[in-house]
Amino acid sequence: MDKIFEQLDGLLDRYDELQELMSDPEVIQDTKRYMALSKEEGSMREVVAAYRKYKQVKDDIEESKDLLATSKDPELEELAKEDLASLEPEQGQLEDQIKRLMLPKDPNDDKNIIMEIRGAAGGDEASLFAGDLLSMYMKYAEKQGWTTEIIDENPTEVGGYKEVSVLITGESVYSKLKYENGAHRVQRVPVTESAGRVHTSTATVGVMPEYDEVDLDIDPKDIRTDVYRSSGAGGQHINKTSSAVRMTHLPTGIVVTMQDQRSQQQNRAKAMQILRSRVYDFYESQNADEYAAKRKTAIGSGDRSERIRTYNYPQNRVTDHRINLTLNKLDRIMNGELADIIDALIVQDQTNKLESIND
């Protein structure tokens, strides 16, 4: 903890400095600077409060110990013992809290995400399950106060999706949904199965932070853009205009097609939005093994081929295989009540990081 305390003392000095700056009339008039300082102050507030509380508790413990060592009054000694009995456990709890608050933050945690869901093994049933997963995440997003927008979709005739992409925006979206990356398995009797046998199908979920031009600078020379006429429903507008867009990132070979928007300009904007996140995700995955080794996490690599969770409909059961968590409330989870699973994954990730610090 000594290194952490050194950092915390510096943090306290910076926090006091920030509060002085934020009360300076010149800074208040500079909206951009004030907002930046306010954001920095907000990110430090919780750990500063915990550390100040810790210092107070530590001082109170020292005072009680001194009283026990020097006092000859039995009543005062008894009071000091009672104080120590409550203060020492509190000190330990505050130390644990401070360690968690001082863990390195994932720089993407505050970002919005683009989530891609694809039907995998299982034909029509896999595409239906992809649709069920989309519904689950959209309901969870609604409960969180986030907004969702389907930005690309390839529906199937049976009502599911071969693939669908949704933009989820709000506060700390990536920090909660980043653990959903991977293969999701469903066990249930398909609607199309007359014999009533349980089938196993899978869908994959990809979670990518949303990046803008500031985060990731893609050289326009590295992008080939083709335009063509959209296909499918849409009437005369689609038939007469070349509004569909296909973007290819030449260094990686990543291709994004977009025809869902009404104008070529809108399709270009949406395609670029997805391309930027896919390219960044590609480059990040190049260092995935090294990154995972550094993190020493048991949560899993998040690779889309890795089976992370099973949804068993006959037994109303959901099992997350990474943390051996089983919940018998599949119906509620599919209705967007994902908090128990996501909170458990976050706690496990924090525990692993704490253990790596203590090693």
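Sequence order sets the numbering: in each chain, residues are counted from 1 along the sequence as written. Residues qualify for local features only when their pLDDT is at least 70, as the model is predicted, and side-chain atom pairs are given and counted only at 80 or more; totals for whole chains, interfaces and linings, by contrast, use all residues. Hydrogens are left out, water is left out, and the side-chain values use all remaining heavy atoms of the structure.

1. Concerning the overall build of the protein chain
Right, on to step 1. Along its length, the protein chain carries 11 helices and 11 strands.
Right, on to step 2. Classification of residues uses two cut-offs on accessible area relative to the type maximum, computed with a 1.4 Å probe and protein chains only: under 20% is buried, over 50% is exposed, and between them is partly exposed. Looking at the protein chain residue by residue over its 359 residues, the buried ones come to 40%.
Right, on to step 3. Two residues qualify as a contact provided that any one of their heavy atoms is within 4.5 Å of a heavy atom in the partner residue. Within the protein chain, contacts between residues at least 6 apart in sequence are counted, and of these 62% link residues at least 24 apart.
Right, on to step 4. The protein chains shown are the only cover counted for residues, whose accessible areas, like all others here, come from Shrake-Rupley with a 1.4 Å probe. Split by element, the accessible area of the protein chain, about 20,100 Å² in all, is 46% carbon and sulfur. Labels follow the DSSP assignment, with helices taken as runs of H or I lasting at least four residues and strands as runs of E lasting at least two, numbered in each case from the N terminus.

2. Concerning empty space enclosed by the protein
Right, on to step 1. Both cavities and pockets are sets of points on a 1 Å grid over the protein atoms alone; in a cavity a 1.4 Å probe fits but cannot get out, in a pocket the set is open with protein on both sides within 12 Å along at least five of seven lines, and lining residues sit with an atom within 4 Å of a point. Grid points are joined across faces, edges and corners, and a volume is the space filled by probe spheres set on the points. For the structure on display, the rule yields 1 cavity of 30 Å³ or more.
Right, on to step 2. By volume, the largest cavity is sized at about 60 Å³.
Right, on to step 3. Of the residues in the lining of the largest cavity, the class split is 2 nonpolar, 2 polar and 6 charged. Note on residue classes: Ala, Val, Leu, Ile, Met, Phe, Trp, Tyr, Cys and Pro are nonpolar, Asp, Glu, Lys and Arg are charged, and everything else, Gly too, is polar.

3. Points about the packing of helix H3 (residues 31–70) against helix H4 (residues 74–101)
Each pair of packed helices can be summarised by the angle the axes make with each other and by the distance between the axes.
Right, on to step 1. Note on method: axes are straight lines fitted to C-alpha atoms, helices fitted across the in-contact stretch only, with angles between N-to-C directions ranging 0 to 180 degrees. As a packed pair, H3 and H4 sit with axes 8 Å apart at the nearest point and diverge in direction by 155°. One element, H3, and the other, H4, form an angle in the roughly antiparallel class. H4 is crossed by H3, and the crossing has left-handed handedness.
Right, on to step 2. Residue composition of the contact of H3 with H4, grouped by class: 15 nonpolar, 3 polar and 11 charged. Small angles under 35 degrees read as roughly parallel and large ones over 145 as roughly antiparallel, with 65 to 115 read as roughly perpendicular and the rest as oblique. Two helices cross in a left-handed way if the nearer one is turned anticlockwise from the farther one by less than a right angle. They cross in a right-handed way if the turn is clockwise.

4. Let's talk about the pairing of strand E1 (residues 113–119)
In regular strands, side chains alternate between the two faces of the sheet.
Right, on to step 1. Judged by how many residues are buried, E1 sits mostly within the fold: 5 of 7 residues are covered.
Right, on to step 2. A pair of strands is labelled paired if DSSP reports no fewer than 2 bridges between them. With 6 bridges connecting them, E1 and strand E3 (residues 161–169) associate as antiparallel partners. Within E3, the position partnered with Ile117 by the bridge is Val164.
Right, on to step 3. In this sheet, strand E5 (residues 199–209) lies alongside E1 in antiparallel orientation, the contact comprising 7 bridges. By the bridge assignment for E5, Ile114 is matched with Met208.

5. Looking at the nonpolar core
Right, on to step 1. Nonpolar cores are built from buried Ala, Val, Leu, Ile, Met, Phe, Trp, Tyr and Cys residues. Side-chain atoms within 4.5 Å join them into one set. Met115, Ile117, Leu133, Tyr137, Leu177 and Tyr311 are the most contacted members of the largest nonpolar core, which has 35 residues in total.
Right, on to step 2. Residue assignment for this core shows that the elements contributing at least two residues are E1, helix H5 (124–144), E3, helix H6 (173–177), E5, helix H10 (330–333) and helix H11 (339–358).
Right, on to step 3. Of the residues forming this core, the biggest block, 8 residues, is contributed by H5.
Right, on to step 4. Setting aside residues up to four positions removed in sequence, Leu177 forms contacts with Ile113, Met115, Tyr137, Tyr140, Trp146, Ile168, Val207 and Ile342.
Right, on to step 5. Judged by nonpolar contacts, the second largest core, of 22 residues, contains Ile4, Leu12, Val47 and Val57.

6. A word on the side chain of Ser71
Right, on to step 1. Among the structural elements, Ser71 can be located in the loop between H3 and H4.
Right, on to step 2. We define a polar contact as two N or O atoms separated by no more than 3.5 Å, with the added condition that, inside protein, one atom must be a possible hydrogen donor and the other a possible acceptor, whereas residues neighbouring each other in sequence contribute only through side-chain atom pairs. From its side chain, Ser71 meets the backbone nitrogen of Asp73 in a polar contact 3.1 Å long.
Right, on to step 3. Leaving out residues up to four positions away in the same chain, Ser71 has contacts with Leu76 and Glu77.

7. Description of the pattern of salt bridges
Right, on to step 1. Every case where a carboxyl oxygen of Asp or Glu lies within 4 Å of a side-chain nitrogen of Lys or Arg is listed as a salt bridge. With the rule as written, the count across this model stands at 17 salt bridges.
Right, on to step 2. A salt bridge links Arg14 to Glu40, with the nearest nitrogen and oxygen atoms 2.9 Å apart. Placement of Arg14 in helix H1 (residues 2–22) and of Glu40 in helix H3 is noted, with a sequence separation of 26 residues between them.
Right, on to step 3. By relative accessible area, which is 26% here, Arg14 ends up partly exposed.
Right, on to step 4. Residue Arg309 pairs with Glu180 through a salt bridge whose shortest N-O separation is 2.7 Å. Taken as a pair, Arg309 in strand E9 (residues 307–312) and Glu180 in the loop between H6 and strand E4 (182–188) lie far apart in primary sequence, 129 residues in all. This pair shows no difference in class: Arg309 is buried, exactly as Glu180 is.
Right, on to step 5. Residues participating in the shared-partner salt-bridge network are Glu116, Arg118, Glu163 and Arg278.

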